[in-house]
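Inside the fold
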Amino acid sequence: MADIAKTSPRMLKGLAPRPMPSGNPYLPQTARVLDVIRETATIKTLRVVLEGEDAMQRFHFEPGQVAQLSVFGVGEATFVINSPPSQKDYLQFSIMEVGEVTRALHRLTAGELIGVRAPLGNFFPYADWLGKNIVLIGGGIGMAPVRTIMLHLLERASDYGQISLLYGARTPKDMSYQYELADWLKHKDLACCLCVDKADSDWPHKVGMVPEVLKELAPSPQNSLAVLCGPPIMIKYTVETLLNLGFAEENIVTTLERRMKCGIGICGRCNVGSRYVCTDGPVFTCREVRAFL
Amino acid sequence: MPALANNELRIVGFLCNWCSYGGADTAGVARASQPTDLRIIRVPCSGRVDPLFVLKALLNGADGVLVSGCHPRDCHYGTGNFYARRRLEVLKRFLPILGIDPARFSYTWVSASEGQRWQKVVSRFTEEIHALGPAPRFEAVEPLAKACSWTQESKGPVSVISPELLEQLKKAIADKLPELDCVLGWQEGRDLLHSVPLFIRSEDDLTKLRCDATCHNNLVRYLPDLKGQKVGIIVRSCEARSVVQLLQEGLISREELVVFALPCQGLLDLPRLEEALGRYQRLEDLTLTETTLRLRVDGQERVFQTADFRQSRCEQCPGELPAIADQSFGDFSGQTASQTLPPELAFLDSLNLQERMGFWRACMERCILCHACRNSCPMCVCRDQCIAESREPHWQSAEASVKEKFFFQIIHALHLAGRCTGCGECQANCPVGLPIFALRAHLNRIVSELFDGYQAGCDPKAVPPLLTYSQEEAHIHERSWE
Amino acid sequence: MSSDRFLAHTAIGDFLEGLVQTGYTVYCPQKEPGVRQSVIFAPWQKGLPISLEKATVAPKHLVLPQSEVLFRYSKHKESAEPAKQSLTLDANEIFTPTLLFASRPCDARGFAILDRPFLQGLFRDPYYARRREALCVVSLTCPSGCATCFCHWTGAGPSSPEGSDILMTEIAEGFVLQGITDKGKELLLASKLPEAGEKSQEATKARKAAWQSLSPVQDLSTAPQKLAEIFADQAFWSQATQACLACGACTYLCPTCYCFNITDESLDGENEQGVRLRSWDTCMAKQFTEEASGHNPRPDKAQRMRNRISHKFSSYPENWGSFSCSGCGRCVTHCPVGLDIREIVLKAIHAKTAQQNEKETS
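Residues numbered from 1 in each chain as written. Chains lettered and ligands numbered in written order. Predicted model: local features only at pLDDT ≥ 70, side-chain atom pairs only at ≥ 80, totals over all residues. Heavy atoms only, no water.

Observations regarding helix H3 (residues 80-98) of chain B
All names here are of chain B. Keep this limit in mind: A run of H or I in DSSP counts as a helix once it spans at least four residues, and a run of E counts as a strand once it spans at least two, with each numbered from the N terminus. Under the convention used throughout, the expected extent of a helix is 1.5 Å for every residue step, that is, one less than its residue count. Buried means the residue's accessible area, taken with a 1.4 Å probe over protein chains only, is under 20% of the maximum for its type, while exposed means over 50%, and partly exposed covers the values in between.
Taking 1.5 Å per residue, 19 residues should reach 27 Å; H3 reaches 27 Å between its end C-alpha atoms and fits that length. For H3, a buried count of 15 out of 19 residues is recorded, marking the element as mostly surrounded by other parts of the structure. Taken from the residues just after H3, Gly-99 is the one with a positive phi, measuring 90 degrees.

Topic: the pairing of strand S7 (residues 133-139) of chain A
All names here are of chain A. What counts, and what does not: For two strands to be treated as a pair, DSSP must find at least two bridges joining them. A clockwise course of the path from the first strand over the helix to the second, judged with the strands pointing away from the viewer, identifies a crossover as right-handed.
Most of S7 sits out of view: 6 of its 7 residues are buried. Summarising the sheet, S7 and strand S11 (residues 224-229) pair through 6 bridges and their orientation is parallel. Note on S11: the bridge partner recorded for Ile-134 is Leu-225. As paired strands, S7 and strand S8 (residues 163-169) are joined by 6 bridges and run parallel to one another. By the bridge assignment, Gly-138 is partnered in S8 with Tyr-167. Since S7 and S8 lie parallel, the crossover through helix H4 (residues 143-155) that links them has a hand, and here it is right-handed.

Structural notes on the interface of chain C and chain A
The test is simple: Here, two residues are considered to be in contact whenever any of their heavy atoms come within 4.5 Å of each other. Accessible area, probed at 1.4 Å, shrinks when two parts are joined; the buried area is that loss added up over both. A pair is scored as a salt bridge if a Lys or Arg side-chain nitrogen falls within 4 Å of a carboxyl oxygen belonging to Asp or Glu. As used in this structure description, the phrase polar contact means that two N or O atoms lie within 3.5 Å; if the pair is within protein, one of them must be able to donate a hydrogen and the other to accept it, and residues adjacent in sequence are counted only when both atoms belong to side chains.
Taken residue by residue, the interface counts 48 residues in chain C and 45 residues in chain A. When the buried area of chain C at its contact with chain A is split by residue, C:Leu122, C:Phe123 and C:Asn319 rank highest and sum to 19% of it. Summed over the shared surface of chain C and chain A, the number is 2 salt bridges. For A:Glu76, the salt bridge is made with C:Arg276, and the minimal N-O distance between the two is 3.2 Å. Linking chain C with chain A are 22 residue pairs in polar contact (both at pLDDT 80 or more), by the criterion used here. Mapped onto the side of chain C that touches chain A, the elements with two or more residues apiece are strand S4 (67-77), strand S5 (85-91), helix H2 (105-119), helix H3 (126-133), strand S10 (260-266), strand S11 (273-280) and helix H9 (301-320) of chain C. Broken down by element, the side of chain C that touches chain A gets its largest block of residues, 6 residues, from H9(C).

Some points on empty space enclosed by the protein
Convention followed: A cavity here means a set of points on a 1 Å grid, drawn over the protein atoms and nothing else, where a 1.4 Å probe fits but cannot get out; a pocket is an open set with protein on both sides within 12 Å along at least five of seven lines, and a residue lines either one if it has an atom within 4 Å of a point. Grid points are joined across faces, edges and corners, and a volume is the space filled by probe spheres set on the points. Residues were grouped as follows: Ala, Val, Leu, Ile, Met, Phe, Trp, Tyr, Cys and Pro as nonpolar; Asp, Glu, Lys and Arg as charged; and all remaining residues, including Gly, as polar.
Taken as a whole and assessed by the stated rule, the structure comprises 13 cavities of 30 Å³ or more. Computed from the structure, the largest cavity encloses a volume of approximately 540 Å³. Lining of the largest cavity is provided by 37 residues; of these, B:Asp269, B:Pro271, B:Ala428, B:Asn429 and C:Arg36 occupy positions nearest its centre. Going through the elements one at a time, strand S6 (195-200), helix H8 (270-277), helix H9 (343-349) and helix H13 (425-428) of chain B together with helix H10 (330-334) of chain C are the ones with two or more residues in the lining of the largest cavity. Looking at the lining of the largest cavity element by element, the count peaks at 4 residues for H8(B). Split by residue class, the lining of the largest cavity holds 17 nonpolar, 13 polar and 7 charged.

Notes on the interface of chain C and chain B
Contact with chain C, which involves 49 residues of that partner, is made by 49 residues of chain B. A buried area of about 3900 Å², summed over both sides, lies between chain C and chain B, and 51% of it is on carbon and sulfur atoms. By the criterion of area lost to chain B, the three top residues of chain C are C:Val35, C:Arg36 and C:Leu245, representing 19% of everything that side buries. We note a salt bridge from B:Arg391 to C:Glu265, for which the minimum N-O separation is 3.7 Å. For the side of chain C that touches chain B, the secondary structure elements donating two or more residues are strand S3 (38-43), helix H8 (249-253), S10, S11 and H10 of chain C. Taken together, the residues of the side of chain C that touches chain B sort by class into 21 nonpolar, 19 polar and 9 charged.

Some details on the domain arrangement of chain A
All names here are of chain A. For the record, the criterion: Reported domain spans reflect what an automatic or database domain assignment gives.
Partitioning chain A into structural domains gives domain 1 (2-120) and domain 2 (126-292). In this complex, domain 1 contributes 34 residues to the contact, which on the side of domain 2 involves 31 residues. Roughly 2600 Å² is buried in total at the junction of domain 1 and domain 2, and carbon and sulfur atoms are behind 53% of that figure. In this structure, the connection of domain 1 to domain 2 is made through 0 salt bridges. Here domain 1 is connected to domain 2 by 11 residue pairs in polar contact (both at pLDDT 80 or more). Looking at the side of domain 1 that touches domain 2, the elements with two or more residues in it are strand S2 (43-50), strand S3 (66-71), strand S4 (75-80), strand S5 (91-96) and strand S6 (113-120). Among the elements that line the side of domain 1 that touches domain 2, the one with the most residues is S5, at 4 residues. Of the residues that constitute the side of domain 1 that touches domain 2, the class distribution is 15 nonpolar, 11 polar and 8 charged.

Brief notes about the sheet that holds strand S11 (residues 292-297) of chain B
Residues and elements named next belong to chain B. We apply this condition: Note on geometry: axes are lines fitted to C-alpha atoms, helical ones only across the stretch in contact, with angles between N-to-C directions running from 0 to 180 degrees.
Here 3 strands make up an open sheet; going across it, the order is S10-S11-S12 and the pairing antiparallel. In this open sheet, the two strands that pair with only one neighbour each are strand S10 (283-288) and strand S12 (300-305). Sheet twist, expressed as the average angle between the axes of neighbouring strands with direction ignored, equals 15 degrees. Packing against the sheet, H8 makes contact with S11 and S12, and its axis sits at approximately 140 degrees to S12.

Some remarks on the pattern of salt bridges
According to the stated counting rule, one finds 56 salt bridges over all chains in the structure shown. Measuring nitrogen to oxygen at the nearest pair gives 2.7 Å for the salt bridge that ties A:Arg103 to B:Glu392. Placement of the pair is A:Arg103 in helix H3 (residues 100-106) and B:Glu392 in the loop between helix H11 (372-375) and helix H12 (402-414), with the two residues belonging to separate chains. One salt bridge in this structure joins C:Arg330 and C:Asp107, with 2.9 Å as the shortest N-O distance. Of this pair, C:Arg330 sits in helix H10 while C:Asp107 sits in helix H2, and the two are 223 residues apart along the sequence.

Some thoughts on the environment of C:Pro194
Residue and element names in this part refer to chain C. Among the structural elements, Pro-194 can be located in the loop between helix H4 (182-190) and helix H5 (199-212). We classify Pro-194 as partly exposed; its relative accessible area is 45%. If sequence neighbours within four positions are ignored, Pro-194 has contacts with Asp-4, Arg-5 and Phe-6.

Side note on the side chain of C:Gln66
With respect to the element layout, C:Gln66 can be found in the loop between S3 and S4. There is a polar contact of 3.5 Å between the side chain of C:Gln66 and the side chain of B:Lys405. When neighbours within four sequence positions are excluded, C:Gln66 is seen to be in contact with B:Cys367, B:Ile368, B:Leu369, B:Ala400, B:Lys405, C:His61, C:Arg278, C:Ser279 and C:Trp280.

So, the packing of aromatic side chains
Filter applied, for reference: Any pair of Phe, Tyr and Trp rings, taking the six-membered ring for Trp, is counted once the centres come within 6.5 Å. Such a pair is stacked with planes under 30 degrees apart, edge-to-face with planes over 60 apart, and tilted for the rest.
Considering all chains together, one arrives at 32 aromatic pairs over all chains under this definition. Ring centres of A:Phe59 and A:Phe61 lie 5.9 Å apart, and the angle between their planes is 40 degrees; this geometry places the pair in the tilted category. Side by side, A:Phe59 and A:Phe61 carry an identical accessibility label, which is buried. Between the aromatic rings of B:Phe105 and B:Tyr107, the centroid separation amounts to 6.3 Å while the plane-to-plane angle is 25 degrees, which identifies the pairing as stacked.

Set out below in structure tokens:
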């Protein structure tokens, strides 16, 4: 650890303490599914409770940190914990069905057991953002990490400037967290804007791709910082728009997704250059990872 | 029936939904007594039964496997069982080389109305399996570390391409190059003894071209990846057969290909040569004639007779170049057909079933699953979609056990049935020297026996035997259940 | 008191037998017949002949097996409440003392290179740690270089002690064994081997001769920076990898490659009982980084080769301060198409960066 810190002090700043059950980072904690929420045709949200007395109380994480969820017999996959750290009743994950593990996760029902290795990775450095305007941008399933940092920031909104959210999806039906959108829209500390690529007739919000709508909103780069999560193609164009708006590369924060196996910086899959998404990320500034976007 | 309680064996039956499955039902309805060892898996057609189903069952603890489909000409889908008949017969004859008793596998035809016949088949097969007893488990057999010599009395010389011929070839390539994306050839590698593939894209690249007996890589391996580009390739007899086979299967396009053919008398077996050379630091000079290889190594002169280090695969060369060349260079009259048995296969032939299984067991202990065999095979065209690594379907466990490694080798071999052109790259590139070419050579022998001497890659117009069928098979005979 | 000991050629069997008696599983290079002779580290038993040749496959499987069980899982129904499932996870914790005999300094250096990410990172890998602690490495110094190895380019040499507990050097009638670590010294002091005495000087002479026989050193010190500079040079990497077959021979034979996969394997077909396995994986395979969505950050072999070379000569050095290549040359010897890592790195060092190219053309 000392050696890493020497060569990359920036990346490991303020890592949260990580619980390691019986000292073996490969051994998951067990958790029971509390609730399954169907979000869209391809996305479900799981709420899970760690097994064992006080397990939930003793579990600490920071917004942006991820978990490796196991369906035993099928395998593991990585998801951001998208409930805010203040939520002590359950951990929430939103899962898009794309492969073997996510398919198995979608089949789960309340009461079933899964494995959780968490928290892994770094987190949004919100303590460095005090007093700044925060522009949150989420696209599709990328709203999940944005949700956790947004809820976390709103809990301490007085410490920040204007907090705004631009949340885009393909169609109104592809929007997750529909049951929360009304609250977000009328939240006193949040300037919330929703957009879809293709609207139906009764869509009251914006229509257009995220980068286009962002251009229209034109948030000021003054004393501001943008947090951006979404599919690779959206990230690419939205970063361009932000740069054009005058945001500096170090003021654009994004999360990277890579295939992960060990989650602890060894197995060699998720590295971008010398950085490992699972330990040095998933949160990076655009300056750090521009070449890999 | 003998009393089977307490000593039941595990027999897996793959039964066609349209006939045998009904036949088993008919037998049951008629209250015909049947042994209870059979575990039935219903399949839509005997043609659906991949030979790998059978081998997976046999490797994972089945004592016997029975496949039963509709009688020939009665297939619900018209022709499924015709294809099945060819595949399953090849499979049955393949089993002994693995050390598996072929009597543990049978295939037959039972229609939905033939309850009695079903009873006879299942009773008879179960009796036979009981006579054999529980099957030996691959992971439990005693490893047989039998030392064996792979060298083979060699008759032939090795290839030397004269400087004039090489210039002629270079000239022809230079003329063609403007209309091609690249031309595949060979060049000097880490030292004079080692040649590596060369992708010729410019006149400058062309100066590096080398085509002698040290050039062992089968360049055809690259062709399917270059689809859509216009590519030239230098071939000798073995590469030419690989080209033909890929054309037969429609995996490459003739229009995109320009074939430059060279004669070949034989190639050097570099691993054996390296072994004879021992550890060296610098190779300073090399002179190769048809009969002598002269090297200067760390200041010392070493002389080898090429006949002693000719590749054993060259002893099985069918000789003649298939009619595929766009341009030919040199004299092909020296290429004669030679049909000796590969030494690996002759060695395995000399062992009994138990010894063979023990031999493979010992081999698999040192297989590291690097997949160099698969990835250097010109016929392994699935590339990143190989079932050995897929999770869906989940064919293989990632466990590096001897059983899983052996199953991988079986997958590779069986997917080459009737397709292997015998270039031997699989074996030549195995870092730990596993004699896996024997599996392919044995399959080639079976295919030749069953299908009138068919050899893969010799005739661009021929249909590979496992991609077709005949209603009456000349060399496949239905077994009797009497 | 010097712990240097002398082991006569004729006494190897007895020495190893003694180690077996004290509870070690002893791994020795053993010659395996085949179409190509291979030398494999395999458990030694009394009477088995041993080889002193460099092994075909590096001995990293002693700390990172080709596949190993991380834990077993089994699901049960709770008797009080049958609808409720419970789960048991059992991790493998048994590791036996192992002695590796007659590995080469490049093999041993491989362990030192693996130690950093497995033991000194944010997380300590418990499986690796226990195997490593239980391992004693006795390395045979090389009498000369060979046609493909290049340990001296990577900061080591034919008698480098890094990663070894004991170094043995062949002299006229046998070997001088020199304790490097406390573990090694203790083992030698506890052995019945005679003291090496003046033979130690003979060994020193043999080692010096080995160094002198090596080919000239190539300076790779600028490799980390140069590789970072040409990271985005797609043409360079495509050119360097066009012959690559994307097999895993280079990575699996390598003493320092440690990429692995983690998969679940059901033991009952129904996922009620099964194992989570860790197994060797290769960064040269397309599936290695392919995500379930089909997105792949390293879709072409050029990017995968770039990752492999950069990891060894640029990003690992950036994180850990040394190359992750011990120069054993196995990847060069056994590459089916003769790709030569030395050539690629040297080419990278001498490659012109985009800026330099621009300057020249303007």
